[in-house]
Amino acid sequence: MTSAPTREARFVTGSIMRHVVIMTFTGALGLMSMFLVDLADLLYLSLLGNTAITAAIGYAGTVVFVNLSLCIGTGIAASVLVARNLGAKKPERAREFATSCFMYSCILSAIYSGIIALTSGWLLRFLGAEGDALHLAQQFIWIASPGFVLLAGAVACSFTLRGLGDARRAMYVTLIVAIIIAILDPILIFGLRLGIQGAALAGVLADLGSLAIGFHGVYRVHNFFASPSWERLKTDMREITEIAAPAMLTQLATPFANAYATRAVSPFGNEVVAAAAIVGRIVPVAFGIIFSLSGTVGPIIGQNFGAGAYDRVRRTLTDGLIFATVYTLTTSLLLFLSRHQIAALFSASGRTIDLVLFFCSFIAGSWAFAGAQFVSAAAFNNLGHPNTSTMFNWGKATLGTIPFAIYGAHVAGPEGVMAGMAMGSVIFGIASVLWAYRIVGKVEQQAARDGGHGYSAERA
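Please read these numbers as outputs of a predicted model, since none were measured by experiment. The numbering scheme is per chain: residues are counted from 1 as the chain's sequence reads. Per-residue local features of the predicted model are confined to residues with pLDDT of at least 70, and side-chain atom pairs are confined, for both listing and counting, to 80 or more; whole-chain, interface and lining totals are unaffected and use all residues. As a convention, hydrogens and water are excluded, and side-chain values are obtained from all of the structure's heavy atoms.

J.: Please provide a residue-by-residue account of the overall build of the protein chain, values included.
T.: Strands are runs of DSSP state E lasting at least 2 residues, helices are runs of H or I lasting at least 4, and numbering of each runs from the N terminus. Looking only at helices and strands, the protein chain has 17 helices and zero strands in total. What you see for the protein chain is a C-alpha radius of gyration of 21 Å, in line with the 23 Å of a compact globule of 460 residues. Oriented by its inertia axes, the alpha-carbon framework of the protein chain measures out at about 65 × 45 × 35 Å. Burial here depends on accessible area, computed with a 1.4 Å probe over protein chains only, as a share of the maximum for the residue type. Under 20% is buried, over 50% is exposed, and the range in between is partly exposed. Relative to its 460 residues, the protein chain shows a buried fraction of 60%. For this analysis, residues touch if any pair of their heavy atoms sits within 4.5 Å. Across the protein chain, every contact between residues at least 6 apart in sequence was considered, and the portion connecting residues at least 24 apart equals 84%. Values of the radius of gyration come from C-alpha atoms, whereas the globule rule sets the reference at 2.2 Å times the count of residues to the power 0.38.

Structural data, given as structure tokens:
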């Protein structure tokens, strides 16, 4: 039996740093466990002793990550709309938005999965895949794409739970993915000898489990799904799209930059692409907490913005930046100290070793600035400026990536590509933080001119 709908805004009172730490660690625990298993995926497949398989995961991962980016974009809309309306004491409206966002996300992902299934060969060739790496990557995508809709529903549930302030159950949605894949990967890859196809199948089954856990949390525990309604979806679509469209564009900037980086290093050979795939799996595990900041800090900003507590909005931005900086510096030191063990773990050889060591020694610290941009994006999305978030993310993915990577490749090869992209991250991270504080100041001044009222007064 369902309980009464959740009505309380949890983040408008209490220590901001405590909220940031709890939301971020619980959000990141599930996310990092999922990325850790993704890393184990690559480790298992690398044990097969075929560099083409490792490269295939790198190519396919870029395509698959686009779906996750779309899901996160609509998830951000769910989190923002639920948190704002709870803060403004409109729980029933928040409940309606949760339902509409769920439907919106699943429909969008179904369309994307169909397109990817039909065009995967062309996309992979565009990224530079060829030969066995192309064939294996395409097999992975064909098996994984049916799970895209399941993942979309699960992510929508997770972000709705974050908007409600239920960090623990939001964590369960991603944690179950890690558990299922950890169990099934060895069985399917080695026991049934399915190789890369087994890894893809394990992912689909994990997405199904994730959706079941997320739906139970939102519907059964919080009673926060209203009856599905096409009319309500049509009504809500404009407000959802105003947040989701720029948020999706923002999220797509990362796979675009990753795709460009993959293409930039592909002329240097499969050993270099394999190194990029390894680094691509190390980053989410090591910096999963940084990845989760935008989604976990966002509801805190959203609820306080809805309640008109602008001093707490500013404090959330500051505490999020402090948290990101301390965490990144600590993690970067650990990566540097264990750099040789990391390279050995993946049975790396030749140029693959060189690039993994280079990342752990010189590039990892730049993620402090990526963290700053994630925190700033949370402020942009929740304060009514999602287009600003899009501008900065695409600015980093284009102006902060392409010219730096081209010059770096010319001067120092693959290491230059890494260093160039890190420099772009530093520049755009600093700029986004300065702009975020400027927006907080403007919102606060506007509220003062309006007599101290916030979101609730404007939407009442």
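Okay, back to it.
J.: I'd like to hear about helix H14 (residues 367–382), residue by residue, with values.
T.: For H14, with 16 residues, the first-to-last C-alpha span of 23 Å sits near the 22 Å given by 1.5 Å per residue. Most of H14 sits inside the fold, with 15 of its 16 residues counted as buried. Following H14 by one or two positions, Gly384 adopts a phi angle in the positive range, close to 85 degrees. To estimate the expected span of a helix, subtract one from its residue number and multiply by 1.5 Å.

J.: How would you sum up the confidence of the model for the protein chain? Please name residues and give values.
T.: A low pLDDT score tells you not to read the predicted coordinates there in detail. With 93% of its residues at a pLDDT of 70 or more, the protein chain shows a mean pLDDT of 84. Every residue gets a pLDDT, meaning the predictor's confidence in that residue, from 0 to 100. Confidence drops under pLDDT 50 across residues 456–460; counting only partners more than four residues distant or on other chains, this segment forms seven contacts.

J.: Account for the packing of aromatic side chains, naming residues and giving values.
T.: Pairing of aromatic side chains requires ring centres within 6.5 Å, counting the rings of Phe and Tyr and the six-membered ring of Trp. Pairs whose planes differ by under 30 degrees are stacked, by over 60 edge-to-face, and all others tilted. In this structure the tally under the stated criterion is 11 aromatic pairs. Judged by centre distance (5.3 Å) and plane angle (50 degrees), the rings of Phe358 and Phe362 are tilted. Pair noted here: Phe358 and Phe362 are both in helix H13 (residues 351–363), with a separation of four residues, about one helical turn. Under the relative-accessibility criterion, Phe362 is labelled exposed at 61%. Three or more aromatic residues joined by ring pairs form one cluster here, namely Phe102, Phe215, Tyr219 and Phe225. Think of it as a cone above the ring: NZ of Lys or CZ of Arg counts as a charge over the ring if it is within 6 Å of the ring centre and within 35 degrees of the ring normal. In this structure, Arg339 is placed above the aromatic ring of Phe336, and the distance from its NZ or CZ to the ring centre is 4.1 Å. Positioned over the ring face of Trp435 is Arg438, at 4.5 Å from the centre of the ring.

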